[in-house]
Amino acid sequence: MKNIALALQESVVLRFSILQGVQDFARTSPDWKLLRSEGSPVLSWEEAFASRPDGIIGFIGAEGLPSDPPLATPVVCVNSIHDCPNIARVRSDAVAVGALAARYFLGLGYRSFAYCTDVPSHYYSQNRSRGYRYALEDAGYTPRELILSSPRGDASGSELAELKLLPSKTALFCVTDACARRVLNYCEDQAIEVPRSLAVLGTDNDPFHCEGGRTLLSSIEVNHRKIGLQAAQLLSRILEGEAPPADAVLVAPGDVVVRASTELSLTAAHPVVARALAAIEQHFQIREFTVERIASACGVSSRTIGRLFRQQGMASPYQVLLNFRISAAKRLLEETPLTADEIAFKCGFADYSTFYRAFKNHVGIAPSAYR
C-alpha cells in the first residue's frame, strides 16, 4: 500500500479541483491510500511530512517548502508561485493561458488591451503576461500593464484609477479571478461600464469570484482537476522507479467561460448587432448559417451588418460566427469521445478539412493534438 499525503491546505481556492483530480486516479489504483488528518485528506506541509508518506502532492506557497524536509520523500508540486526547478512539477501552461486570453479578445474585435496583476513576482503571473503580450504583439498590438501593490484587500483608488485612463472598449486580462473581481468592484463604484467600456477576463473560473459580485465574471478554465490527475499519475510513476522529469509537466487551459463581463451582446449598443449576436449564438451549429443568413435574420444586407459590427469596434460577423464554432468544437474535444469528423459536422463546418484549417489557425494546434 502506498500512503499519499496531499499538502494542499494553503491552496484555498484551487485545492478542491486538484483533490478531485487526485481522487480520480486513486479510485482506479487500489494500492493508493490518501492520508487524512481529522477526517480530511487536505493536510498542511507539517502534517504531510509528519505522516511519513510514500509521496506528497502539494501546493508550495510564497514561503516555499518547510525547512529541512525529508529528502527521501518524493514531492510533486501542483502550482507555480515559484518555478521550483529541483522538484517534480505539474502545472497550468501559463503562457498558453495568456495566449488564449489574447486570441479570445482578438476574436471579439478588440484593438486596445491591458493586463492587470497583483502578484507580479509570481512565476505564473509573469508567464501569463508573457503569453498574452507575445500573442498580441504577433497581431500588431502592445498591451498596457497595470500592477496592483497587494493581492489582499482592495487596491488603493490611485492604483485602480488608471482604469479610467484606458481607451473605451479596452480588453483587460487579469492574472486571477480574485484580481478581476477587485477590478469589477472598482468599475461598479466608479460607474465604468462593463463590458461596454472595459471588458474584464479573469483566470481560474473560481465560482466564488466569478459569481460573487454584481457583474458575473468571464474566466479561463485552467483545468485544475486535470492537473491533480496528472500529478497523481506522475507521482505513481516516480514511486515505481521512474526518474522525475527535469521540466514541468504543463497542462493546457480549457476554454473561456463567458459571462457578463465580456458578453458580446452586452457590448452592442446597436439593436441590430445585438439581434445578430443572439442569432449567431442560437444557430451557429447549422452549416448553412452564413453571414447572409445572419443579415437576413436582422432585416438588413450583409454589407450593412458588416458595417454595423465595425462601428461597434467588433470583429466581422464571419469571425464572430467562427469563434462560436471553434469554442463549441473545443468543448466537444474535451468532453466527448466524438470523432473529429463528427465534431466538425456538429459545429457547423462544411467538412473536416475546413474544420482542421480553421481550428489550427485559431487555436495554434490540430484538433487531435488539442484532445
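Residues numbered from 1 in each chain as written. Predicted model: local features only at pLDDT ≥ 70, side-chain atom pairs only at ≥ 80, totals over all residues. Heavy atoms only, no water.

**Side note on the overall build of the protein**
Formally: Only DSSP runs of H or I with at least four residues qualify as helices, and only runs of E with at least two residues qualify as strands; both kinds are numbered from the N terminus onward. The reference for a compact globule is 2.2 Å times residues^0.38; the radius of gyration itself is calculated from the C-alpha atoms. Residue burial is assigned from relative accessible area. The probe radius is 1.4 Å, only protein chains are included, and a residue is buried under 20% of its type maximum, exposed over 50%, and partly exposed in between. It only takes one pair of heavy atoms within 4.5 Å for two residues to be counted as in contact. To be clear on the numbers: accessible area is Shrake-Rupley with a 1.4 Å probe, and residue cover counts the displayed protein chains and nothing else. Note on charges: Lys and Arg go in the positive column, Asp and Glu in the negative column, and His and the chain ends are not counted at all. Charged side chains are reduced to one point each, which is NZ for Lys, CZ for Arg, CG for Asp and CD for Glu.
Looking only at helices and strands, one finds 16 helices and 12 strands in the protein. Over its C-alpha atoms the protein spans a radius of gyration of 22 Å, differing by no more than 12% from the 21 Å that the globule rule assigns to 371 residues. Principal-axis analysis of the C-alpha atoms places the extent of the protein at approximately 70 × 55 × 35 Å. Burial statistics for the protein: of 371 residues in total, 51% are counted as buried. Taking as baseline every contact in the protein between residues at least 6 positions apart, the subset at least 24 positions apart corresponds to 69%. Element-wise, carbon and sulfur atoms account for 51% of the exposed surface of the protein, whose accessible area totals about 17,000 Å². When the 38 basic and 39 acidic side-chain charges of the protein are each reduced to a single mean position, those positions are 7 Å apart.

**What about the pairing of strand E3 (residues 55-58)?**
Which entries qualify depends on this criterion: Strands qualify as paired when DSSP identifies two bridges or more between them.
The side-chain alternation of E3 yields two buried faces, one formed by Gly55 and Ile57 and the other by Ile56 and Gly58. Bridge analysis of strand E1 (residues 2-7) against E3 gives four bridges, and the strand direction is parallel. Bridging from a neighbouring strand, alanine 7 pairs with glycine 58 of E3. Bridge count between E3 and strand E4 (residues 75-77): three bridges; the pairing is parallel. Residue glycine 58 lies in a different strand from E4, and its bridge partner there is cysteine 77.

**Description of the sheet that holds strand E11 (residues 249-251)**
Definition in use: What counts as an axis is a line fitted to C-alpha atoms, over the stretch in contact for a helix, and the angles between N-to-C directions run from 0 to 180 degrees.
As summarised here, the arrangement of the six strands in space is E2-E1-E3-E4-E5-E11, forming an open sheet in which the pairing is parallel. Whereas interior strands pair on both sides, the edge strands pair on one side only; in this sheet they are strand E2 (32-34) and E11. Each neighbouring strand pair of the sheet contributes to a mean axis angle of 20°, computed without reference to strand direction. Of the strands in this sheet, E1, E2 and E3 are in contact with helix H1 (residues 15-27), which crosses E2 at around 150°.

**As for the nonpolar core**
The condition is simple: Throughout, nonpolar core names a set of buried Ala, Val, Leu, Ile, Met, Phe, Trp, Tyr and Cys residues whose side chains join them through atoms within 4.5 Å.
Core analysis: the largest hydrophobic core is formed by 105 residues, its most contacted members being Trp32, Ile57, Phe105, Leu163 and Val183. Apart from the residues within four sequence positions on either side, leucine 163 is in contact with Leu146, Leu172, Val183, Tyr186, Cys187, Ile192 and Leu198. Counting 13 residues, the second-largest nonpolar core is a separate cluster that includes Leu43, Ala48, Phe49 and Ile87.

**Observations regarding the pattern of salt bridges**
Selection rule: Note on definitions: salt bridges are taken to be side-chain nitrogens of Lys or Arg within 4 Å of carboxyl oxygens of Asp or Glu.
Inspection of the entire model under this criterion finds 12 salt bridges. For arginine 133, the salt bridge identified is with glutamate 137, shortest N-O distance 4.0 Å. With a gap of four residues between them, arginine 133 and glutamate 137 both fall in helix H4 (residues 123-138), about one helical turn apart. Each of Lys2, Asp31 and Glu240 takes part in a single network of salt bridges with overlapping partners.

**Brief notes about a negative patch on the surface**
Put simply, the rule reads: Surface patches are defined over residues having more than 30% relative accessible area and no salt bridge, joining like charges when they lie within 9 Å and nonpolar side chains (Val, Leu, Ile, Met, Phe, Trp, Tyr) when within 5 Å.
Taken together, the side chains of Glu38, Glu46, Glu47 and Glu63 present a region of like negative charge at the surface. With respect to the helices and strands, the residue glutamate 47 is situated in helix H2 (residues 45-50). What makes glutamate 47 partly exposed here is its relative accessible area of 31%.

**Some remarks on unusual backbone geometry**
Look at the link from valine 194 to proline 195: it is a cis peptide, with omega at 10°. Its place among the elements puts proline 195 in the loop between helix H6 (177-189) and strand E9 (198-203). Located in the positive-phi region is lysine 169, a residue other than glycine, with phi close to 65°. Residue classification places lysine 169 among the partly exposed residues on the basis of a relative accessible area of 27%. Notably, asparagine 223 is not glycine yet its phi reads approximately 65°, a positive angle. Its location among the elements puts asparagine 223 in the loop between strand E10 (218-220) and helix H8 (224-239).

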